[in-house]
Each structure stands twice: as C-alpha cells, then as structure tokens.
Amino acid sequence: MSVLRTVIQDTHQKLEAAGIPDARLEAEVFVMNVMRMARQSIFAEQETDVSAQQQIALDAFLERRLLREPLAYILGQREFYGINVILTPAVMIPRPETEGLVEHALFIAMMGMESRDLLIADVGTGSGAIAINLAMHLPAAKIFAVDVADAVLDVAAYNVRVHGVAGRVSLGIGDLLDPVPEPVDLIVANLPYIPTGRIPTLQPEVQQEPALALDGGPDGLCLIRRLLTQAEAKLKDSGIILLEMDPEQIPAVQKLALNHFQEGSTSVEQDLAGMDRILTIFRQSPE
Ligand SMILES: C[S@@+](CC[C@H](N)C(=O)[O-])C[C@H]1O[C@@H](n2cnc3c(N)ncnc32)[C@H](O)[C@@H]1O
C-alpha cells in the first residue's frame, strides 16, 4: 500500500511527463477529491495510507486526464465567483475572466441603474454561472437565461435549482434573444467568439469543450453581430449591453454597436491580466 506523499509525487510526475501545466497542483486536487481531504490535510497527513480502492479511483482520474480531458469535467464541477457549478461535457467550463463580467454587471446594476427590479438577459448561459450569481447578488432582479441546446439547459436548470434562484431565473431555449419575452434593462453575454480557423490551434483541453460554445464563425463575431441586431427590439431605451470578447475584436464591435445605437456610447473594461475583455454598450449615452 502507498502513502499519500508517494501517491502525490507519482501522480505529479505522470502529469508532468504528459506536458500538463500545473501538474503538481492538479495532482493535489486529484488526491483531495479521491481521499475527500482538505488541502491543508494532504500536507499535514503525508504518511496516511492510500487504500487499493482509492488508488483505483485515482488511476481512473489520471487515465482521463492523460487523454487531456479538462480537470473540471473529470471532477464534474468548477468554482466560479464563489459558487460551485456542476458541469458535464455538454457545457463550457466557466473561466476566471468571466468573473470580471459578473463583477462589472453587478457594479452597473447596483450603481448605474435607477430601478432595483431589473430585468436581465444572460445570453448563452451555459452552466448558468453568470445568471445564478446575478440572481444571488441582486435579490430584486429577474433573469432570463437563454441557451440554444437542451443538454446545456439541463445542466443550467440543475445549477439554478441547487443555488435556490429558480424563482427568479427563467430558462429559455432558442436563438440568442428570441426567447426573451420583453425588453430588458441589461443584456450580459459571453457568447462564442473564437474564429473558426483558430479552433484547431487551441489547447487540447479546450478542444474537448463543445464547439457550440467556442465557434464564433469566420471572424468570431457572427453571434455578437446577430445579438446586436436582435437587441434593437429587446433592450430598453435606457438599457446596457455587456459583452465578453477577445481584445482584438473590441474596436470592430464598438463600431457595430454605434451603428445600431446611434445615441449610444461604449466603454471597455480589462480582465485580471490587464487585457481589454468586456465591452459595455449604453443604448443611450449617459452623458
Ligand atoms: C462561451 S459559452 C459561455 C457559457 C457561460 N455563459 C459561461 O460564461 O461560462 C457560450 C454559450 O452560448 C451558447 N450558444 C451558442 N449559440 C447560441 C445561440 N445562437 N443562442 C443562444 N445560445 C447560444 C452555447 O451553447 C454556450 O453555452
């Protein structure tokens, strides 16, 4: 029988040899999950025996990870803005940079909007991570969370229920804003924005995520373009749109937005790495 210390070392080495980034951290996360131990315990209890059954479970995790299956799919969950969301390979794994979208949406909703009973649309909701956080932090808001795929909405529905916000998050299936029944105050969207041609160059883990969540068409902007067109009828006059995208796409989308909303204005927020990431579009310029 092996002890924790050697199992972590062994797992670390195998992950590293396969070229997996942050191999030591991932080895620790695997062990924490299989042994059901907190991080501090795996350091404090290095001589704990690992049972044969636990070793089998670890080997099964490792086998999947060596095939470059994303860690979050193997664990079946991911932490996002302080909550855990359940994941299946049908849904995109929420990214840390998208936490900035939530943060900025909350700032706008709390500081910049007159009404507290906001109507919000989360377009391309995926796991529901954005919609759930908005509902939890904005207790008077009602959120329409839309996705185009049934399997995605099943996961979102589960997460919405688990976090106790099903009364204020309505899930809808369809194309972009089509299922949203009335004009909203705020549209928040992290839509697929990767140009089709760039997808084969992405890390192997990312390529295992659903194409529907990644592929933004030839220039990455197909969905965003259509969203802006639909928003003309689905955004209130005082409404605001927040879009996450690639830094390089922002100037083009700023231009498009001002073509749609000629009395509007835009501003840009950076992500944690200092890259332009979120475009805010005011339907009517606040100045
Ligand atoms: C980049 S993922 C974002 C998921 C989630 N909002 C997040 O940030 O983790 C984009 C999502 O948009 C959905 N999607 C793709 N095309 C769509 C469409 N035409 N209408 C609505 N949702 C769409 C995908 O299924 C996917 O869940």
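In what follows, the accompanying structure is described.

Reading guide: rules and limits
- Residues numbered from 1 in each chain as written.
- Predicted model: local features only at pLDDT ≥ 70, side-chain atom pairs only at ≥ 80, totals over all residues.
- Heavy atoms only, no water.
- Helix = DSSP H or I, 4+ residues; strand = E, 2+ residues; numbered from the N terminus.
- Rg over C-alpha atoms; globule rule 2.2 N^0.38 Å.
- Buried < 20%, exposed > 50% of the residue type's maximum accessible area, 1.4 Å probe, protein only.
- Contact = heavy atoms within 4.5 Å.
- Areas by Shrake-Rupley, 256 points an atom, 1.4 Å probe, with all protein chains shown as cover.
- Lys, Arg positive; Asp, Glu negative; His and termini not counted.
- Charge placed at Lys NZ, Arg CZ, Asp CG, Glu CD.
- Near = heavy atom within 4 Å.
- Polar contact = N/O pair within 3.5 Å; in protein donor to acceptor, adjacent residues only side chain to side chain.
- Patch = residues over 30% accessible without salt bridge, like charges linked within 9 Å, V, L, I, M, F, W, Y side chains within 5 Å.
- Salt bridge = Lys/Arg side-chain N within 4 Å of Asp/Glu carboxyl O.
- Pairing = 2+ DSSP bridges.
- Axes fitted to C-alpha atoms, helices over the stretch in contact; angles between N-to-C directions.

1. Overview of the overall build of the protein chain
Alright, step 1. Counting its regular elements, the protein chain contains twelve helices and eleven strands.
Alright, step 2. Computed over C-alpha atoms, the radius of gyration of the protein chain comes to 21 Å, within 12% of the 19 Å expected from 2.2 N^0.38 for 287 residues, which places it in the range of a compact globule.
Alright, step 3. Taking the principal axes of the C-alpha coordinates as reference, the protein chain spans close to 70 × 40 × 35 Å.
Alright, step 4. Of all 287 residues assigned to the protein chain, the portion counted as buried reaches 50%.
Alright, step 5. Pairs at least 24 apart in sequence give 65% of the contacts found in the protein chain among residues at least 6 apart.
Alright, step 6. Approximately 13,400 Å² of the protein chain is accessible, and the part contributed by carbon and sulfur atoms is 54%.
Alright, step 7. Taken as two groups, the 22 positive and 39 negative side-chain charges of the protein chain have centres that lie 2 Å from each other.

2. Quick notes on the site of the ligand
Alright, step 1. Close to the ligand lie 18 residues; Gly124, Asp147, Asp175, Leu176 and Asn190 are nearest.
Alright, step 2. Within the backbone of threonine 125, one N or O atom sits 3.4 Å away from a nitrogen atom of the ligand.
Alright, step 3. One of the side-chain N or O atoms of aspartate 175 is found 2.7 Å from a nitrogen atom in the ligand.
Alright, step 4. When the free accessible area of the ligand is taken as 590 Å², the share hidden by the protein chains comes to 96%.

3. What to know about a nonpolar patch on the surface
Alright, step 1. Together, Ile86, Tyr158 and Val162 line one region of the surface with nonpolar side chains, adding up to about 260 Å² of accessible area.
Alright, step 2. Position of isoleucine 86 relative to the elements: it lies in strand S4 (residues 83-86).

4. Brief notes about the sheet that holds strand S10 (residues 265-270)
Alright, step 1. Taken in spatial order, the seven strands make up an open sheet running S7-S6-S5-S8-S9-S11-S10, and their pairing is mixed. Looking along the sheet, the strands with just one partner apiece sit at the ends: strand S7 (169-173) and S10. Taken pair by pair, the neighbouring strands of this sheet meet at an average axis angle of 20°, ignoring direction.
Alright, step 2. Direction of pairing for strand S9 (residues 235-244) relative to strand S11 (residues 276-282): antiparallel, over a ladder of five bridges. Note that in S11 the partner of leucine 242 across the bridge is threonine 280.
Alright, step 3. Packing against the sheet, helix H7 (residues 129-137) makes contact with strand S5 (119-123), strand S6 (142-147), S7 and strand S8 (184-189), and its axis sits at approximately 175° to S6.
Alright, step 4. Relative to S11, helix H12 (residues 250-260) is tilted by about 5°, and along the sheet it contacts S9, S10 and S11.

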